Amino acid sequence: MFLRFFSELRQAKVPVSLREYLLLMEALDKDVIDRSVEDFYFLSRASLVKDEKNLDKFDRVFGHVFKGLETVGEGVTADIPEEWLKALTERFLTDEEKAAIEAMGGFEKLMETLQERLREQKKRHEGGNKMIGSGGTSPFGNNGYNPEGVRIGQDKSRHGRAVKVWDKREYKNLDDSVELGTRNIKVALRRLRKFARTGAADELDLPGTIKGTAEKGYLDIQLRPERRNAIKVLIFFDIGGSMDGHIKLCEELFSAAKTEFKNLEFYYFHNCLYEAVWKDNKRRHTEKIPTFDVLHKFPADYKVIFVGDATMSPYEITYPGGSVEHWNEEPGAVWMQRVNDIYQSCVWLNPTPERHWDYTQSIGVMKQIMAGRMFPLTLEGLDKAMRELVRG
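Here is a short report on the structure shown in this document. Computed from a predicted model, the values in this text were never measured in an experiment.

**Some thoughts on the overall build of the protein**
At step 1: Helix and strand content of the protein: 15 helices and 13 strands.
At step 2: Out of the 392 residues in the protein, the part that is buried amounts to 41%.
At step 3: Summarising the internal contacts of the protein: among those between residues at least 6 apart in sequence, 61% fall at separations of at least 24.
At step 4: Of the roughly 24100 Å² that the protein leaves accessible, carbon and sulfur atoms contribute 52%.

**Some words on the pairing of strand 11 (residues 303–307)**
At step 1: Among the five residues in strand 11, five count as buried, and that is most of the element.
At step 2: By the alternation rule, side chains of strand 11 split into Lys303, Ile305 and Val307 and Val304 and Phe306, which are all buried.
At step 3: With five bridges joining them, strand 7 (residues 232–238) and strand 11 adopt parallel strand pairing. Residue pairing across strands places phenylalanine 236 opposite phenylalanine 306, the latter belonging to strand 11.
At step 4: The pairing of strand 11 with strand 12 (residues 346–350) spans four bridges and is classified as parallel. Paired with valine 307 across the strands is leucine 349, a residue of strand 12.

**Notes on helix 1 (residues 2–11)**
At step 1: Residues of helix 1 that are buried: Phe5, Phe6, Glu8 and Leu9.
At step 2: Residues of helix 1 that are buried sit in contact with helix 2 (18–29), helix 3 (37–48) and helix 4 (55–65).
At step 3: Just past helix 1, the residue lysine 13 takes up positive phi, approximately 70°.

**So, the environment of leucine 223**
At step 1: One can find leucine 223 in strand 6 (residues 223–229).
At step 2: Taking the C-alpha atoms as reference points, leucine 223 and glutamate 203, separated by 20 residues in sequence, lie 5.3 Å from one another.
At step 3: Once residues lying within four places of it in the same chain are set aside, the contact partners of leucine 223 are Ala201, Glu203, Leu204 and Asp205.

**Observations concerning the sheet that holds strand 7**
At step 1: The five strands are arranged 8-7-11-12-13 in an open sheet whose pairing can be described as parallel. The open sheet terminates on both sides in strands that have one partner only, identified here as strand 8 (263–269) and strand 13 (374–376). Each strand axis lies, on average, 25° off the axis of its neighbour in the sheet, ignoring direction.
At step 2: Direction of pairing for strand 7 relative to strand 8: parallel, over a ladder of seven bridges. Following the sheet pairing, lysine 232 is matched in strand 8 by asparagine 263.

**Description of a nonpolar patch on the surface**
At step 1: Nonpolar side chains collect at one region of the surface, where Leu204, Leu206, Ile210, Leu219, Ile221 and Leu223 lie side by side and expose about 630 Å² of accessible area between them.
At step 2: As for its placement among the helices and strands, isoleucine 221 is situated in the loop between helix 9 (206–216) and strand 6.
At step 3: The exposure class of isoleucine 221 is exposed, given its relative accessible area of 56%.

**Some thoughts on the side chain of threonine 291**
At step 1: With respect to the element layout, threonine 291 can be found in helix 11 (residues 291–297).
At step 2: If sequence neighbours within four positions are ignored, threonine 291 has contacts with Leu273, Tyr274, Glu275, Ala276, Val277 and Trp335.

**Thoughts on the nonpolar core**
At step 1: Ranked by internal contacts, the top residues of the largest apolar core, which has 30 residues, are Leu234, Phe236, Leu273, Phe306, Met336, Trp348 and Met366.
At step 2: Looking at this core, the elements with two or more residues in it are strand 7, strand 8, helix 11, strand 11, helix 13 (332–342), strand 12 and helix 14 (361–369).
At step 3: With four residues, helix 14 is the single largest residue contributor to this core.
At step 4: Residue contacts for methionine 366: discarding those within four places in its chain leaves Cys272, Ala310, Met312, Ile317, Met336, Trp348 and Met374.
At step 5: Ranked by size, the runner-up nonpolar core spans 27 residues in total, among them Met243, Leu249, Ala256 and Ile305.

What counts, and at which threshold
- Residues numbered from 1 in each chain as written.
- Predicted model: local features only at pLDDT ≥ 70, side-chain atom pairs only at ≥ 80, totals over all residues.
- Heavy atoms only, no water.
- Helix = DSSP H or I, 4+ residues; strand = E, 2+ residues; numbered from the N terminus.
- Buried < 20%, exposed > 50% of the residue type's maximum accessible area, 1.4 Å probe, protein only.
- Contact = heavy atoms within 4.5 Å.
- Areas by Shrake-Rupley, 256 points an atom, 1.4 Å probe, with all protein chains shown as cover.
- Pairing = 2+ DSSP bridges.
- Axes fitted to C-alpha atoms, helices over the stretch in contact; angles between N-to-C directions.
- Patch = residues over 30% accessible without salt bridge, like charges linked within 9 Å, V, L, I, M, F, W, Y side chains within 5 Å.
- Salt bridge = Lys/Arg side-chain N within 4 Å of Asp/Glu carboxyl O.
- Core = buried A, V, L, I, M, F, W, Y, C linked by side-chain atoms within 4.5 Å.

Next comes the structure, spelled out in structure tokens:
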């Protein structure tokens, strides 16, 4: 059974090593947990899962391999005392609502009546007080009112009075392909680090102090500069148009980047990089900064990140005058190539799901200009982008 568990985890792309598996077996041999499925779940998860992005895959494999084991154990079962249910009724229902439920015959009668109505009803029904439909006072349906109802076909609760909810609910799995949150972005950005000790010596150098004291025979306190991330990052954000739907994600990325990188500079552009960028979107028509000034100001050791969906007319990239907002003397592709020629470490993060890239010609053009260094703005994509920047 345990070997099957191990092999199916590997098949599900959960990076489990033999050493971790043997650690789990050793823990079981030494009885570090009670003989319960819940304890075994937490023990195996702690032993076998190294990255939180694999938790969902682990849960699916665990549920598949050990399906049914929740009944193993002492087999203790308990009936809910009737007085407990009555206490809940007294606490949460008004006198009128309790009387209404009793009038129909209670919960079991409610379910029986629903089955009868489903057999009787052959078409959509709106309003009324009997059939399954919307906007009425029938116990069955949606967007109406009944103190003892069964909600069917409604996206959310309105009165909070339904006894049972039969709506289909979909939940997205936690995985490395989902969109990011600020915390996950910070974790991924931490791959882009190059520590150096610069500045004033104001931090205690404990190893140096011990060594100096031992050599000199008296207390020799030594200080050193604080160890900081020396990586310098330049980010260009596409803003406006089709990027409006990605504002929240870009805000999270910007917030995380400001926290992680001490040396961070950012600018805005629209669709494609041209001869000018800006720092304030409210004043972008009056306070533009020449792109040449930016390229001359920041040296080639900066890591450059473009953030945009690259969704536009291909002419905006490849032709003079292709911009939708102004007449550009040179194609956007020329400016993008200048950036790539100066900065060896340069990537493009695209918030559009990667499965849709092939349907937009401009994305393919921009990806070619970036020499394939375009990555989806997901946890996995951001991780690959940071690896690319470290390598450059």
